[in-house]
Amino acid sequence: MVNDTPSDTSSSALSAGKQNIPRHVAIIMDGNGRWAEKRNQPRIMGHRAGVEAVRGVVEGCAKGGIEVLTLFAFSSENWRRPKQEVGLLMELFMTALGREVKRLHKNNVRLRVVGDIKGFNKALQKRIAEAQVLTQNNTGLTVVVAANYGGRWDITQAAKSLAIQVQAGQLNVDDITPERMADGMCLADLPEPDLFIRTGGESRISNFLLWQLAYTEFYFSDILWPDFNIDALNDAIASFATRQRRFGRTGQQVEQNNKVCETEC
Ligand code: IPE
Ligand code: IPE
Ligand code: MG
């Protein structure tokens, strides 16, 4: 695992100022089930504890000046889990949305839910819509919850919308560009994720933001999601701050550009 930065909350990256702070953090919140199993508890207890961890991380991001936090809550593949776990997760979404939205609104957080929402029952769809409407004009942290989301689904949606335009004679095939594809995908209006975090010890993407993570910095943590707190978030952000993002250029070019920026930007 890549936990390469020692925990030092006294000089935490989030509180140290804006330098090298990611604008957009995207998290696969993994390890709830194992957290509960370790305690001989049913897996749902891990999911409940996971909601508490979300609260802490949202607060940390809001205070730290992060603009967007995207959280993977339920993948398009998670329907494959035992019926009972899926049912309890849906109930938890309902209660958590009902309970947390007022607090989020009070804290000026804008909530967005992305994914194939039509896959959820009507009551949950309604609650999601209400939460988005209530918070849509808030100007603080944007929290994006990816629910019934899959990266392949997202890319397919974008491809379909371009195909429809071509079929209608509104778009030429030659005018299809990566930018147009990106426009048809979730999060198109937000900055791309700068930092990706996966908790729970696995080193995979599990069909999360396949397109959007093209140039994101990756950080894998062994911490199980319910134990992931502001200190752990700070460690991830401190690691991010040490990375040199080259976007295909050489390290020398990046350094040169930074020097020019220091004097002219
Ligand atoms: C992530 O935790 C939450 C969801 C996928 C809903 P898991 O439930 O996958 O936890 P582990 O990986 O089994 O420990
Ligand atoms: C990814 O975790 C999905 C969420 C955290 C919502 P999983 O636990 O479903 O991923 P896999 O199955 O281990 O790859
Ligand atoms: Mg898991």
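A short tour of the structure in this document, coming up.

The rules behind these values
Residues numbered from 1 in each chain as written. Chains lettered and ligands numbered in written order. Predicted model: local features only at pLDDT ≥ 70, side-chain atom pairs only at ≥ 80, totals over all residues. Heavy atoms only, no water. Helix = DSSP H or I, 4+ residues; strand = E, 2+ residues; numbered from the N terminus. Rg over C-alpha atoms; globule rule 2.2 N^0.38 Å. Buried < 20%, exposed > 50% of the residue type's maximum accessible area, 1.4 Å probe, protein only. Contact = heavy atoms within 4.5 Å. Areas by Shrake-Rupley, 256 points an atom, 1.4 Å probe, with all protein chains shown as cover. Near = heavy atom within 4 Å. Polar contact = N/O pair within 3.5 Å; in protein donor to acceptor, adjacent residues only side chain to side chain. Nonpolar A, V, L, I, M, F, W, Y, C, P; charged D, E, K, R; others polar. Pairing = 2+ DSSP bridges. Axes fitted to C-alpha atoms, helices over the stretch in contact; angles between N-to-C directions.

1. Some points on the overall build of the protein chain
Now for step 1: Counting its regular elements, the protein chain contains 8 helices and 6 strands.
Now for step 2: Taken over the C-alpha trace, the protein chain has a radius of gyration of 19 Å; the compact-globule value for 265 residues is 18 Å, and the two agree within 12%.
Now for step 3: Principal-axis analysis of the C-alpha atoms places the extent of the protein chain at approximately 60 × 55 × 35 Å.
Now for step 4: By residue count, 43% of the 265 residues in the protein chain fall in the buried class.
Now for step 5: A separation threshold of at least 6 residues defines the contact pool for the protein chain, and within that pool the share at least 24 residues apart is 76%.
Now for step 6: Just so you have it, the protein chain exposes about 14,400 Å², and 50% of that area is on carbon and sulfur atoms.

2. Regarding the site of ligand 1
Now for step 1: In the region of ligand 1, the neighbouring residues are Met29, Asp30, Gly31, Asn32, Gly33, Arg34, Arg43, His47, Ala73, Asn78, Arg81 and Leu89.
Now for step 2: In this structure, an oxygen atom belonging to ligand 1 sits 2.8 Å away from a side-chain N or O atom of aspartate 30.
Now for step 3: Interatomic distance of 3.1 Å between a backbone N/O atom of asparagine 32 and an oxygen atom of ligand 1.
Now for step 4: The protein chains hide 87% of the 380 Å² of surface that ligand 1 would expose on its own.
Now for step 5: Going through the elements one at a time, helix H1 (32-38) and helix H2 (43-64) are the ones with two or more residues in the shell around ligand 1.
Now for step 6: The greatest single-element share of the shell around ligand 1, amounting to 3 residues, is contributed by H1.
Now for step 7: Within the shell around ligand 1, the residues separate by chemical class into 3 nonpolar, 5 polar and 4 charged.

3. Brief notes about the sheet that holds strand E2 (residues 68-75)
Now for step 1: Strand order in this open sheet of 6 strands is E3-E4-E2-E1-E5-E6, and the pairing throughout is parallel. Sheet topology places strand E3 (110-114) and strand E6 (217-220) at the edges, where each strand pairs with a single neighbour. The mean angle between the axes of side-by-side strands here comes to 20°, regardless of whether they run parallel or antiparallel.
Now for step 2: Of the pairings in the sheet, the one linking strand E1 (residues 24-28) to strand E5 (residues 195-198) comprises 4 bridges and is parallel in character. Paired with isoleucine 28 across the bridge in E5 is arginine 198.
Now for step 3: Those strands touched by helix H3 (residues 83-106) are E2 and E3, and its axis lies near 155° from that of E2.

Everything listed is a geometric property; what it means functionally is a separate question.
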